[in-house]
Amino acid sequence: MKAVKLQGVLRHLLLPAALGWLLGISGCAGAGVTTNSSGTPGGGTGPTVTPASAMVSFCNAGQTNCQSHSANFSLKTSNIPTLNVKVDWANVAAGTHSQEMRLLMPNGNLFERLQNTFVVPRSGGGSASVNRNIPIVGSYIAQRQLTGGWKVRVSLDGKVITTGDLRLDP
Amino acid sequence: MAMRRTLVLLLGLALLGMRAAPVHAQEEVTLQFVGSGGSSTDPQLRAVNKWIDQASPGTSSSAADVDLHVMAGVGGANQNRRAIVDFDISRIPRSGIKSAIMHLWVDTAPAASENWDIDPITSFISWAQPSNISWTNRTNQLIWTAPGGDFNPTLCTIQGVAAGDNTCDVTQTFMNYFGGLPPSPNDGYLILDEAEDAVATPEEGLIASNSNGTLTHAPSLVVDFIQQVHSLTATPGNGQVVLNWTYPPQVANSTIVNATTGVVILRNTNAPVEDLALIQDGTAPPPVDCTTTVNGTASTIVVFNGGTGLPTTFLDNTCTITNTNTYYYKVFAVASLPSPPGAYNYSQNGNATSFPAVDSSFAAEISATPDATPAGQQAPVWIAPVGLSALNAPSIDPGNYAIVAVDNFLVQGFNPTTGDDAIAPVSVGGFVGGPAGSRVPVLESTEADFGPSSGFGPIPMTYLAADDSLVYDVGLEPFPPAGHSGFVLDFLNPLGGGGVSGTYVGGVALQAKAFSNSGNTKPNDVIIMGTAVAGTTPTENTIFAAVTCSLSVAPGTGCAGSGGGWNISGGSVTSTGCSATTSAATCNIDIITSTPFVDYKNNTVWVTSHNGNSTADVTSPDVLKLDANSGAVLAAVSLGGDIDSSPTGTQDQSLIFVGTNAGVLYAFDPTATDTGPPVTPHQVGNPSTSLGDGAIKGFPLVASSSPPWLIVVSTTTFVQILSFDGTNFISLFTVSPACNPSSPVTGPHLMNGASQPIAIIGCSDGQLHQINLVTGADEAQRVVDPTTTIGDPSLDISTNEVIVGSTDGRVYSFKAPFL
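Figured I'd write up the structure that's included with this text. What you see is a predicted model, and the numbers here were worked out from it, not measured in a lab.

Here we look at the overall build of chain A
Check the secondary structure of chain A and you find 4 helices and 8 strands. Along chain A, helices and strands appear, N-terminal first, in the series α-α-α-β-β-β-β-β-β-α-β-β. Counting every position in chain A, which comprises 170 residues, the buried fraction comes to 50%. Contacts in chain A between residues at least 24 apart in sequence constitute 59% of all its contacts with a sequence separation of at least 6.

This is the structure:
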């Protein structure tokens, strides 16, 4: 189906009016044209493309100058009101996309699913950022001390792209 | 002649037998938009079919339009057009979905060969406000995140759209509606041309709408499914477990595709049957030898009934059963396929080799613990899978509903007696906050009073706050054999935005008109709650009340004669602190993570909050007492730090109790204040000493109906039982269940076998614990799921059944007492 979709898009893009546009954005945005919606290669013999990628970072939304931590971020559930989870996307095809974030507990159970729609403009170079706030203080995470190593699994348009690690301490 | 009589007799007996046999099968129904919803077999009352136009972004298409427009425009010209179809799927019970095919009749095909994508919409749209859906808006108050619709661009494509019937396979999304992991809300589908902004000249096609003159051309969805078995129970014995179940009736006006021939039962030991335990549709099951595991999991098949008749019971004693182990069962109905011989479809979602890679069908599940002694033989009354961690207490309408609102964008309602669906899952727009206080209120139809302007008759209601900063009121129409079921009646957007994540942690408090005295001046039910908008120095949170007839929180507005709602926001500090006689607060309001408490007798609302963990700062209270009619701050006080637990009252509402994060209990007189400034609520007696084990969770449970008051609270590792004699809190017992306990629950008739009052807690050891309130003993337990944390339990006071969720994505019901 992906290949057929690609052909359909290319059929229109090869029209003279669109061809110049294609040539004009043959960099990052061009990569979006020749990939499917998740930014992964669409096949064929077209130019080499970079798959969509994401970086997950965390910060304490209750602190001044919230600092991002991209790896092995740990926090105490007793003193962080809200955890901010930020996903920075790169090499994503232009258009509307659906991001899903799954919060996996230390025992692997699924705690929450968070879904966002975002738009990558044709002039955006394939990048975008999505922020979500997750209450900690007063929530079950703090009250029931659901502590240990959590994972944040991030998907784009239904495909898992990356997983971030987070440590919650009592 | 004799032979003919015999044949007639045999034929008659055969027909009699056919009538008597339960009908269960792989069924097929067609959901189709029909005019204004006039079909008695498929009303599609809460369906939407619209088209939206980039060139007129604020305009909604007319309900009379005979066609839905889909157009690819020239890049930069804003000419794209998209169609929206949202089917009312409540007619289909919880099932294993075998296929879902969308049919779109194209009246006019695009001039060039176009490909149209059909993608699931990912934002809440209101079926009640179709005239507000446009390129910019999804409801009257809410805009799309992405103009033109929020969607997941992954589903299916109609290749080379042509005039006439066009089909697309939407099975994947339909599987998710019926128990995806986690389940997905049904917000409909967006239909768009793949070549938007990439054509030289506009390419438009027209899809017949529900207003098309030919009803059979209206958009339709043909769904094949196998219903799950119902009322699954397990009875443990000595070295054996007996399972029983029933088959639900055929859906009205469905077509039988493949007859059901029985069930396949999977079993796992000391953990639920895994979601990966799948059998490939179209094949025979693995050997029933109790040792061959299924699809690489630890689960095995303990029985497979194919052939004649529909079994409704199974004695599990042939495979090795060890007393004191807990066995978990999952039951799939199986439908025999015409070919190849011996092949079956199963009431599961997905296959072992295709999407989704895990079962997400909400198949019937049960567990049991056999034992040599009757006292050790345990089993839940029922298990209901919900697909996501469910730690908040289910809401019980005895005999009617167990409402579970977990973080999966859905409100689910189960029959509290059987665990079967009581309503079809209701889609809301954001995940529901998962706090201790987020038990949602439930009102029966004779109790709910949401005003005359809704256009609905008396229906049961529930209210909940979601992560998209909206508050939803949900009608709980019962699940019918055909027609409609639960639905979002209305929603509230008090912060004026929508999509603000992390807005609510606490739950919705309800001031029901049916339970109010004459001092309540509101004409209808009122919902009251507080926000938890955290920043670097949160001081401007809001407490608000909305009259349910209009869900307005603006003073003086709303339904005619209602006087409207009210709201107070923190952040305007005066020297007198928070006390005021007007509706405007004059203090800081930090995040509110608890559910407000409504004092029906005195028509006041008590709210606890954080206060920057400050002590004795009159401008930053952590307890507020408000006038329920106006929102005026009657009194406020700082007890010396943050508070996450909710206030509670005694049964006669003569005292209000508050438990703090410092582990201290306070009692207040609900009718008295101490003159300030600032004006503070009048404390009764002395506060307790710190319980010394962290914050008090949930709320202080008042377990007696008269003084001296028996108070039960859970802290980090203990359940603490205290007495309050009007002057002092006296510690009676400190119970150590050797785990992290939930909030406790008790009931007026919840006694153990010795007629002593008990309380039940859920624990992080995967068990429910029975606490004796007379002796302080942790005297009996029930195994829920040993690998998970158990949530806040609820009690069905009509049956003394404890209903509780777990982080394993299931809700369990156990009969109490355990001993």
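And the narrative resumes.
So, the overall build of chain B
Each helix and strand counted, chain B has 2 helices and 50 strands in total. Looking at the 819 residues of chain B, the share that counts as buried comes to 62%. Considering only residue pairs separated by 6 or more positions, chain B has 64% of its internal contacts joining residues 24 or more positions apart. Of the roughly 26300 Å² that chain B leaves accessible, carbon and sulfur atoms contribute 55%.

A few points about the state of the cysteines
Residues and elements named next belong to chain B. Under the defined criterion, the tally for this structure stands at 3 disulfides over all chains. A sulfur-sulfur separation of 2.0 Å characterises the disulfide bridge that pairs Cys156 with Cys168. With Cys156 in strand β7 (residues 156–158) and Cys168 in strand β8 (residues 164–169), the pair connects residues that are 12 residues apart, well separated along the chain. Judged by relative accessible area, Cys156 falls into the buried class, the value being 6%. Between the sulfur atoms of Cys290 and its disulfide partner Cys319 the distance amounts to 1.5 Å. The disulfide joining Cys290 to Cys319 has a torsion of about -45° about its S-S bond and is therefore left-handed. Placement of Cys290 in the loop between β14 (255–269) and β15 (300–304) and of Cys319 in the loop between β16 (313–316) and β17 (327–336) is noted, with a sequence separation of 29 residues between them. The class of Cys290 is partly exposed, set by a relative accessible area of 24%. By relative accessible area, which is 4% here, Cys319 ends up buried.

Observations concerning the interface of chain B and chain A
Each partner contributes to the interface: chain B provides 72 residues, whereas chain A provides 45 residues. Where chain B abuts chain A, roughly 4300 Å² becomes buried across the two surfaces, and 53% of that area is made up of carbon and sulfur atoms. Our count for the contact surface shared by chain B and chain A stands at 0 salt bridges. Here chain B and chain A share 13 residue pairs in polar contact (both at pLDDT 80 or more) between them.

As for the packing of aromatic side chains
Residues and elements named next belong to chain B. One pass over the full model with this rule turns up 17 aromatic pairs over all chains. Each ring, one from Tyr504 and one from Phe544, has its centre 6.4 Å from the other, and the planes form 65°; the classification is edge-to-face. Placement of Tyr504 in the loop between β28 (487–492) and β29 (509–511) and of Phe544 in strand β31 (residues 542–547) is noted, with a sequence separation of 40 residues between them. Here Tyr504 matches Phe544 in class, with each residue buried. When the centroid spacing of 5.8 Å and the interplanar angle of 90° are considered together, the rings of Phe657 and Phe724 count as edge-to-face.

Here's the deal with unusual backbone geometry
All names here are of chain B. The omega angle of the peptide bond from Pro707 to Pro708 is -10°, so this bond is cis rather than trans. Here Pro708 lies in the loop between β41 (701–702) and β42 (709–714). Even without being glycine, Ser755 reaches a positive phi, approximately 60°. Within the secondary structure, Ser755 sits in the loop between β44 (729–735) and β45 (758–762).

A few points about the side chain of Asp590 of chain B
Within the fold, Asp590 of chain B resides in the loop between β32 (566–569) and β33 (597–599). Here Asp590 of chain B occupies a buried position and makes no salt bridge, while the nearest side chain of opposite charge, Arg132 of chain A, is found at 20 Å. Dropping the residues within four chain positions of it, Asp590 of chain B is found in contact with Pro538, Thr539, Asn541, Ser609, His610, Asn611 and Gly612 of chain B.

Overview of the environment of Tyr401 of chain B
Residue and element names in this part refer to chain B. Assignment of secondary structure puts Tyr401 in strand β22 (residues 401–405). Between the C-alpha atoms of Tyr401 and Ala422, which are 21 residues apart in sequence, the distance is 6.5 Å. The contact partners of Tyr401, leaving out residues within four places of it in the chain, are Ser395, Ile396, Phe414, Pro416, Ala422, Ile423, Pro460, Leu476, Glu477 and Pro478. A polar atom in the side chain of Tyr401 sits 2.6 Å from the backbone oxygen of Leu476.

Some thoughts on the sheet that holds β33 of chain B
Residues and elements named next belong to chain B. The sheet built from 4 strands is open, its strands ordered β33-β34-β35-β36 with antiparallel pairing. Of all the strands in the sheet, just β33 and β36 (633–637) have a single pairing partner and so form its edges. Direction aside, neighbouring strands of the sheet carry axes that sit 20° apart on average. Pairing between strand β35 (residues 623–627) and β36: 4 bridges, direction antiparallel. Note on β36: the bridge partner recorded for Val623 is Val637.

Some details on the sheet that holds strand β23 (residues 410–414) of chain B
Residues and elements named next belong to chain B. Pairing within the open sheet is antiparallel, and its 4 strands lie in the order β21-β22-β23-β24. Two strands in the sheet have a free side with no partner beyond their single neighbour: β21 (395–397) and β24 (421–427). Across the sheet, the mean angle from the axis of one strand to that of its neighbour is 15°, orientation sign disregarded. Pairing of β23 with β24 involves 4 bridges; the strand directions are antiparallel. Bridge pairing in β24 places Leu410 opposite Ser427.

Cut-offs used in this document
- Residues numbered from 1 in each chain as written.
- Chains lettered and ligands numbered in written order.
- Predicted model: local features only at pLDDT ≥ 70, side-chain atom pairs only at ≥ 80, totals over all residues.
- Heavy atoms only, no water.
- Helix = DSSP H or I, 4+ residues; strand = E, 2+ residues; numbered from the N terminus.
- Buried < 20%, exposed > 50% of the residue type's maximum accessible area, 1.4 Å probe, protein only.
- Contact = heavy atoms within 4.5 Å.
- Areas by Shrake-Rupley, 256 points an atom, 1.4 Å probe, with all protein chains shown as cover.
- Disulfide = S-S within 2.5 Å.
- Buried area = accessible area lost by both parts, 1.4 Å probe.
- Salt bridge = Lys/Arg side-chain N within 4 Å of Asp/Glu carboxyl O.
- Polar contact = N/O pair within 3.5 Å; in protein donor to acceptor, adjacent residues only side chain to side chain.
- Phe/Tyr/Trp six-rings, centres within 6.5 Å; stacked < 30°, edge-to-face > 60°.
- Lys, Arg positive; Asp, Glu negative; His and termini not counted.
- Pairing = 2+ DSSP bridges.
- Axes fitted to C-alpha atoms, helices over the stretch in contact; angles between N-to-C directions.

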